[in-house]
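Breakdown of the fold
Residue strings, one per chain:
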Amino acid sequence: MLTIILAAALSVATPVLREDNIPQIVSLLTLEEKAAILVGCGSTAFDGIGRNDVGVKGSAGATHPIPRLGIPSIVFADGPAGLRIDPVRPGTDKTYYCTGFPIGTMLASTWNTAIVRSVGEAMGNEVLEYGVDVLLAPGMNIHRNPLCGRNFEYFSEDPLLCGEIAAAYVQGVQSNGVGTSVKHFALNNQELNRLHNDARVSERAAREIYLRAFEIAVRKAQPWTLMSSYNYINGVHASENRWLLTDVLRDDWGFRGVVVTDWGGGYDTAAQIHAGNDLIQSGSDARYNALIEAVKDGRLAMEYVDACVTRALELIVKCPAFRGYKFSEAPDLEAHAKVCRAAADEGIVLLKNHGALPAGPDGVTALLGVTSYAFIAGGTGSGDVHRPYVVDLRQGLSDAGFKLESGLDEFYTAYMQDERWRCKMIDGNNSWVIDRERPIEVVPDELIKQAALTSDRAVVTIGRVFGEGKDRDLYYSYMLQEREVELLRKTADAFHAQGKKVTVILNVGGVVEMASWQDLADAILLCWQPGEEGGHSVASALSGEVNPSGRLPMTISRRYEDEPSAANFPRVFEDKPFNYSFYRRLEGNKKDYVVKDIDYTDYAEDIYVGYRYFGTKARGAVAYPFGYGLSYTSFRWSDLKIEKTGSLSEDSKCLKVSLTVTNTGKRAGKDVVELYVKAPGRSIDKPERELKAFAKTPLLEPGQSCTVQMTVPVESLASWENGAWSLEKGRYRIIAARNASDKGLRKALRL
Ligand code: BGC
């Protein structure tokens, strides 16, 4: 009897986690339990007490549950091009495929936050319905250099575009009641030696470029979590950097969420907790033990542990696992494929068009290039998604009613049958494999010549796939290979001799060199890695069923050597097949900073990243400017109006800018207005112009107009000087332009 009464009293006395009793729960947790919450399930030291059987197959990590206090485990899985979990599980025929959406760079190319939000909503629904709590996405590091192996996961060279697209993505995913983890915070702009490389950067460049993108996403969308990066920043590891994770992120920007390490990132667990890096993923026994020891021997005060545990619990109570959400494991993949297609339709960038497009589906199309027959939906590494299918260009064109030239079709079909094994390994659906080689281009000359006689046009696809763990090789990935240029040249010669046009499709995860071969093409469509529906989207762009409206989210320079960071980016392994990220692990994790671009990287170009550099210091070095993209229709811009709101002393002071866009051509289309600001640049060194707002129009029918409205907070014009933001006084020019090199419509005002 006594035992029953005691047990009843105890069960009343032990509360379970609720949204409103977190401080009480923290006070009841033992040190071991706190460590188990903070150090992920990759550690087994805690197993006897709490875990396990948590997780979703193929997910990236989870937290330990504490059943006695009603604390569930929560599950993390990758993005960013969709949810990454294993598509098959032992003991069942059921599949768990996820939609393969366009890569991050392509989402940014839409310049359409509404469409990015819709992608996030669909993706977040898969996160929810497959039983995951937090999506490890979006990736939002700045495109500092075109050779960065993970650029495809990231958005742009410009912090405003990057931040706005990321915010829309986060809002979309989180509208499902699941979390995101914006990553990799911060300055993770190269893969080579990524765990140990020290990014050496001025505070101005950090604040204005590299951190600014995160700041926008944090302030606008409050991501539930943020992932600290693998690298060091000015000598301190990102995950152990209290300035970064507490002073800037929380105190300056008001971030209310949780910071998660990148998987296995950092060295000193106590320093991480002290810095405000709440969760250590994926966790290891060593980390778990280190945390406990650090508290016991007084190196880590309990208040820091409690702050992290409190935030972790605040995250947990928001998660589906805590709500006991009954997930279906059956998201509507067909509906999401439509979202994928709509986003890819808007992200395709028409770079060149000398009367070649739109064309088809009438007539006969000669389809060349191995990648036309094995489209690349996305990149490799953790950013890869196990998608149910990939529509290649051959299928996309056939579905859209294009008739394909039979000689080439037969040749490539047979050839790709033989090369299938190779494509399987590298088509972005098998992850963690080395990019570099596509099947080589071997189509016989006679077939090209024959096709030039029997078909009406040629379409040639060039493909590139790469991903996490290594950077791109200049000669094999960024440059076109000899055989590819030969294919273009032979096709151009044969087709041009017959008065027929050649279109090049770039199915790539990042930019390739273009200046040397682009004259061979009459039209160039940059279709990135467009996700599982890619072939359909490209077919629509070719035929004009969809009018391309994508714009470049980065500059394409004429030569790699012209890039502002070219002299400070690793290029040392060109003679070796691989350049693994784990290359230089020094004894005992000592840093000796010996090798330039490997042990450390100087961000010597400072704030002059991308068009900020080209537009200010090297105008002639641009093949295609940032923000560039053509359309099948034309637009007239008029009535640029600027209005100041708020008084000078108010923080809320904004410039309200409006502009009328009229479709003056013969086809319906969408336009993008890019709003740049040129600062006086007298007392502060400033780039020639900086993007401060943008807007995409709705679909405008021929003759139709709309007025776009944009807002520029005046504080966004400030520069980081001597440890504070400062706004230069004087005459500012507001430039509504089609791209970073376009003169555009201008107005001046004094601030
Ligand atoms: C990557 C992260 C990813 C994590 C979990 C790391 O290797 O850098 O982007 O989220 O693994 O898979």
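Keep in mind the model is a prediction, meaning the values are calculated, not measured.

Remarks on the domain arrangement of the chain
Many analyses report the size of an interface as the accessible area lost when the parts associate. For the chain, the assigned domains are domain 1 (30–323), domain 2 (340–554), domain 3 (560–624) and domain 4 (635–750). Taking only C-alpha atoms, the centre of domain 1 and the centre of domain 3 are 25 Å apart. On the domain 1 side of the interface with domain 3, the three residues burying the most area are R144, L192 and R200, jointly 27% of the side's total. One salt bridge in this structure joins R612 and D158, with 2.9 Å as the shortest N-O distance. Counting the contacts that link domain 1 with domain 3 gives 21 residue pairs in polar contact (both at pLDDT 80 or more). Those elements giving two or more residues to the side of domain 1 that touches domain 3 turn out to be β5 (198–200) and α7 (203–221). The element best represented in the side of domain 1 that touches domain 3 is α7, accounting for 5 residues. Residue composition of the side of domain 1 that touches domain 3, by class: 15 nonpolar, 9 polar and 9 charged.

A word on the nonpolar core
Among the nonpolar cores identified, the biggest contains 84 residues, and L83, I85, M140, F155, Y169, F185 and L691 are the most heavily contacted of them. When neighbours within four sequence positions are excluded, M140 is seen to be in contact with Y154, F155, C162, G163, A166, V182, K183, A213, F214 and A217. F152, A366, M514 and I524 belong to the second-largest nonpolar core, a separate cluster that totals 79 residues.

Comments concerning the packing of aromatic side chains
How two aromatic rings sit relative to each other is given by the distance of their centres and the angle of their planes. Under the definition given, this model contains 18 aromatic pairs. Ring centres of Y624 and Y628 lie 5.5 Å apart, and the angle between their planes is 50 degrees; on these two criteria the pair is classed as tilted. What links up through ring pairs into an aromatic cluster is the set W111, Y611, F626, Y676 and F694. A cation over a ring is seen here: R689 above Y676, with NZ or CZ 5.0 Å from the ring centre.

Section: the site of the ligand
Around the ligand, the structure places 13 residues, and the nearest of them are D78, R150, H184, D262 and E468. Within the side chain of R150, one N or O atom sits 2.7 Å away from an oxygen atom of the ligand. Here D262 contributes a side-chain N or O atom positioned 2.7 Å from an oxygen atom of the ligand. When isolated, the ligand has an accessible area of 310 Å², and the protein chains bury 92% of it. Across the shell around the ligand, the residue classes break down as 5 nonpolar, 2 polar and 6 charged.

Looking at the layout of surface pockets
Any empty space left between the atoms is revealed when a probe the size of a water molecule rolls over them. Empty space within the largest pocket amounts to approximately 1000 Å³. As for the largest pocket, its lining consists of 43 residues, of which R212, P713, E715, S716 and L717 are closest to the centre. Elements with a minimum of two residues in the lining of the largest pocket: α5 (113–129), α6 (159–174), α7, β22 (690–696) and β23 (705–713). Among the residues making up the lining of the largest pocket, the classes are represented as 19 nonpolar, 5 polar and 19 charged. Here the lining of the largest pocket spans two domains, and each of domain 1 (30–323) and domain 4 (635–750) adds at least three residues to it.

Topic: the side chain of S382
Mapped onto the secondary structure, S382 falls in the loop between β11 (364–368) and α14 (393–399). Given a relative accessible area of 7%, S382 falls into the buried group. Within polar-contact distance, the side chain of S382 engages the side chain of R150 at 3.1 Å.

Overview of helix α8 (residues 242–252)
When we look at burial in α8, the residues that qualify are L244, L245, T246, V248, L249 and R250. Downstream of α8 by one or two residues, G254 has phi in the positive range, about 75 degrees.

Examining the sheet that holds strand β26 (residues 731–737)
Strand order in the open sheet formed by 4 strands is β22-β21-β26-β27, with antiparallel pairing between adjacent strands. The sheet is open, and its two borders are formed by β22 and β27 (745–750), each paired with just one other strand. Here the strands of the sheet are splayed against their neighbours by 20 degrees on average, with no regard to which way each runs. Both strand β21 (residues 672–678) and β26 contribute to a ladder of 5 bridges, which runs antiparallel. Directly across from L675, in β26, lies its bridge partner A736.

A look at the pattern of salt bridges
On inspection of all chains with the given rule, the structure shows 38 salt bridges. Residues D409 and R394 are paired through a salt bridge, measuring 2.6 Å at the closest nitrogen-oxygen approach. Taken together, the residues D409 in helix α15 (residues 406–426) and R394 in helix α14 connect sequence positions 15 residues apart. Linked by salt bridges that have partners in common, R150, E153, E191, R194 and E468 make up one network.

Considerations on the sheet that holds strand β7 (residues 232–233)
Read across the open sheet, the 4 strands follow the order β8-β7-β5-β17; overall the sheet is mixed. Looking along the sheet, the strands with just one partner apiece sit at the ends: β8 (236–237) and β17 (600–602). With 2 bridges connecting them, β5 and β7 associate as parallel partners. Bridge assignment links A199 to a residue of β7, and that residue is I233.

Quick notes on the packing of α6 against α7
Direction vectors running N to C along α6 and α7 enclose 30 degrees, while the axes themselves pass 8 Å from each other. Considering their axes alone, α6 and α7 lie roughly parallel with respect to each other. In this structure, α6 meets α7 at a crossing whose hand is right-handed. Across the interface between the two elements, P159, L160, C162, G163, E164, A166, A167, V170, Q171 and Q174 from α6 touch E208, I209, R212, A213, I216, A217, K220 and A221 from α7. Here the contact of α6 with α7 is composed, by residue class, of 11 nonpolar, 3 polar and 4 charged.

Re the confidence of the model for the chain
Do not read the fine detail of predicted coordinates wherever pLDDT is low. Taken over all residues, the pLDDT of the chain has a mean of 92, while the share at 70 or more is 91%. The lowest-confidence element of the chain is helix α1 (residues 2–13), averaging 54 in pLDDT; the highest-confidence one is α6, averaging 99. Per-residue pLDDT stays below 50 along residues 576–582; that stretch engages in 22 contacts with residues further than four places along the chain or on separate chains.

Focus: the environment of E728
Along the polypeptide, E728 turns up in the loop between β25 (724–726) and β26. Taking relative accessible area as the criterion, E728 reaches 3% and is therefore assigned buried. Counting along the chain gives 49 residues from E728 to A679, while the straight-line C-alpha distance between them is 7.7 Å. Each residue touching E728, except ones within four places of it in the same chain, is listed here: A679, P680, G681, R682, S683, I684, K686 and L751. A polar contact of 2.9 Å, which involves the side chain of E728, links it to the backbone nitrogen of G681. At a separation of 3.5 Å, a polar atom in the side chain of E728 contacts the main-chain amide nitrogen of I684.

Thoughts on the environment of K326
Mapping K326 onto the fold places it in the loop between α12 (320–323) and α13 (333–347). With a relative accessible area of 73%, K326 lands in the exposed category. On a C-alpha basis, the gap between K326 and Y230 in space is 35 Å, while along the polypeptide they are 96 residues apart.

Here's the deal with unusual backbone geometry
That bond from G79 to P80 is cis: its omega, 15 degrees, falls within 30 degrees of zero. Looking at the secondary structure, you find P80 in the loop between β2 (75–78) and α4 (104–109). The peptide bond linking K183 to H184 adopts the cis configuration, its omega dihedral lying at -5 degrees. Examined against the element boundaries, H184 turns out to sit in strand β4 (residues 179–185). Of note in this structure, Q222 is not a glycine but carries a positive phi near 40 degrees. If you trace the backbone, Q222 turns up in the loop between α7 and β6 (225–228). Q222 sits in the buried class, given a relative accessible area of 18%. Positive phi outside glycine occurs at W528, with the angle close to 50 degrees. Assignment of secondary structure puts W528 in the loop between β15 (523–526) and α19 (534–543).

Each value, and the rule that gives it
Residues numbered from 1 in each chain as written. Predicted model: local features only at pLDDT ≥ 70, side-chain atom pairs only at ≥ 80, totals over all residues. Heavy atoms only, no water. Domains from an automatic or database assignment. Buried area = accessible area lost by both parts, 1.4 Å probe. Salt bridge = Lys/Arg side-chain N within 4 Å of Asp/Glu carboxyl O. Polar contact = N/O pair within 3.5 Å; in protein donor to acceptor, adjacent residues only side chain to side chain. Helix = DSSP H or I, 4+ residues; strand = E, 2+ residues; numbered from the N terminus. Nonpolar A, V, L, I, M, F, W, Y, C, P; charged D, E, K, R; others polar. Core = buried A, V, L, I, M, F, W, Y, C linked by side-chain atoms within 4.5 Å. Buried < 20%, exposed > 50% of the residue type's maximum accessible area, 1.4 Å probe, protein only. Contact = heavy atoms within 4.5 Å. Phe/Tyr/Trp six-rings, centres within 6.5 Å; stacked < 30°, edge-to-face > 60°. Lys NZ or Arg CZ within 6 Å of the ring centre and 35° of its normal. Near = heavy atom within 4 Å. Areas by Shrake-Rupley, 256 points an atom, 1.4 Å probe, with all protein chains shown as cover. 1 Å grid on protein atoms, 1.4 Å probe; cavity = no way out; pocket = protein on both sides within 12 Å on 5 of 7 lines; lining within 4 Å. Points joined across faces, edges and corners; volume = space filled by probe spheres on them. Pairing = 2+ DSSP bridges. Axes fitted to C-alpha atoms, helices over the stretch in contact; angles between N-to-C directions. Parallel < 35°, antiparallel > 145°, perpendicular 65-115°, else oblique. Left-handed = near helix turned anticlockwise from the far one by under 90°. pLDDT = per-residue confidence, 0-100.

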